[in-house]
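Here is how the chains run, residue by residue.
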Amino acid sequence: MERKQLGNKTVISEVREILGLPQTSTYIPLDPKELCNKLVHTCYMGTENSSKDTRDRALALSNEIGRYFISSIVTSFYCAL
């Protein structure tokens, strides 16, 4: 988020609306990563055959964009199909 946008009341208002915050909210994101953490959730869905390296790369990418990250093994779901 560019510094000039932080002072733009329309942008701030729209960000708050997208996040589902009340109109009385005073929230202003400190930087793009913080905003991304509130907007984007990442989920690594590995199988029992997935390597630790694959999960670690997914986590590293998620960290780069300032994410909320969860990891799950989905082998049982896959096999149930």
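Each value, and the rule that gives it
- Residues numbered from 1 in each chain as written.
- Predicted model: local features only at pLDDT ≥ 70, side-chain atom pairs only at ≥ 80, totals over all residues.
- Heavy atoms only, no water.
- Salt bridge = Lys/Arg side-chain N within 4 Å of Asp/Glu carboxyl O.
- Helix = DSSP H or I, 4+ residues; strand = E, 2+ residues; numbered from the N terminus.
- Buried < 20%, exposed > 50% of the residue type's maximum accessible area, 1.4 Å probe, protein only.
- Domains from an automatic or database assignment.
- Buried area = accessible area lost by both parts, 1.4 Å probe.
- Polar contact = N/O pair within 3.5 Å; in protein donor to acceptor, adjacent residues only side chain to side chain.
- Contact = heavy atoms within 4.5 Å.
- Pairing = 2+ DSSP bridges.
- Patch = residues over 30% accessible without salt bridge, like charges linked within 9 Å, V, L, I, M, F, W, Y side chains within 5 Å.
- Areas by Shrake-Rupley, 256 points an atom, 1.4 Å probe, with all protein chains shown as cover.
- Arc of directions from axis to C-beta.

Moving on: the pattern of salt bridges. Counted according to the given criterion, the structure contains two salt bridges. Between Asp-56 and Lys-52 there is a salt bridge, with its nearest N and O atoms 2.7 Å apart. Highlighted residues: Asp-56 and Lys-52, both in helix α4 (residues 52–64), separated by four residues, approximately one helical turn. By relative accessible area, which is 30% here, Asp-56 ends up partly exposed.

The next subject is the domain arrangement of the chain. By a frequent convention, interface size equals the accessible area lost on bringing the separate parts together. When the domains of the chain are assigned, the result is domain 1 (1–30) and domain 2 (31–80). For domain 1 versus domain 2, the distance between C-alpha centres works out to 27 Å. A combined buried area of about 620 Å² lies between domain 1 and domain 2, and 69% of that area is made up of carbon and sulfur atoms. Summed over the shared surface of domain 1 and domain 2, the number is two residue pairs in polar contact (both at pLDDT 80 or more).

Moving on, we get to the environment of Leu-59. Secondary-structure assignment places Leu-59 in helix α4. Look at Leu-59 and you get partly exposed, because its relative accessible area is 23%. The spatial distance from the C-alpha of Leu-59 to the C-alpha of Cys-43 is 9.1 Å, given a sequence separation of 16 residues. For Leu-59, the contacting residues outside a window of four places in its chain are Arg-67 and Phe-69.

By the alternation rule, side chains of strand β1 (residues 41–46) split into Thr-42, Tyr-44 and Gly-46, which are all buried, and His-41, Cys-43 and Met-45, of which none is buried. Alignment of β1 against strand β2 (residues 68–73), held across six bridges, turns out to be parallel. Counterpart to Cys-43 in the pairing with β2 is Ile-70.

Looking now at a nonpolar patch on the surface. Taken together, the side chains of Ile-18, Leu-39, Val-40, Leu-61 and Ile-65 define a hydrophobic patch exposed on the protein surface, amounting to about 450 Å² of accessible area. Structurally, the position occupied by Val-40 is in the loop between α3 (32–39) and β1.

With that settled, the discussion passes to helix α2 (residues 9–18). When α2 is considered as a whole, its buried residues turn out to be Ile-12, Val-15 and Arg-16. In an axial view of α2, the angular spread of the buried residues amounts to 100°, which keeps them on one side of the axis. Facing away from the buried side of α2 by more than 90 degrees, the exposed set consists of Glu-17 and Ile-18. Its side-chain oxygen 2.9 Å from the backbone nitrogen of Thr-10, Asn-8 forms the N-cap of α2.

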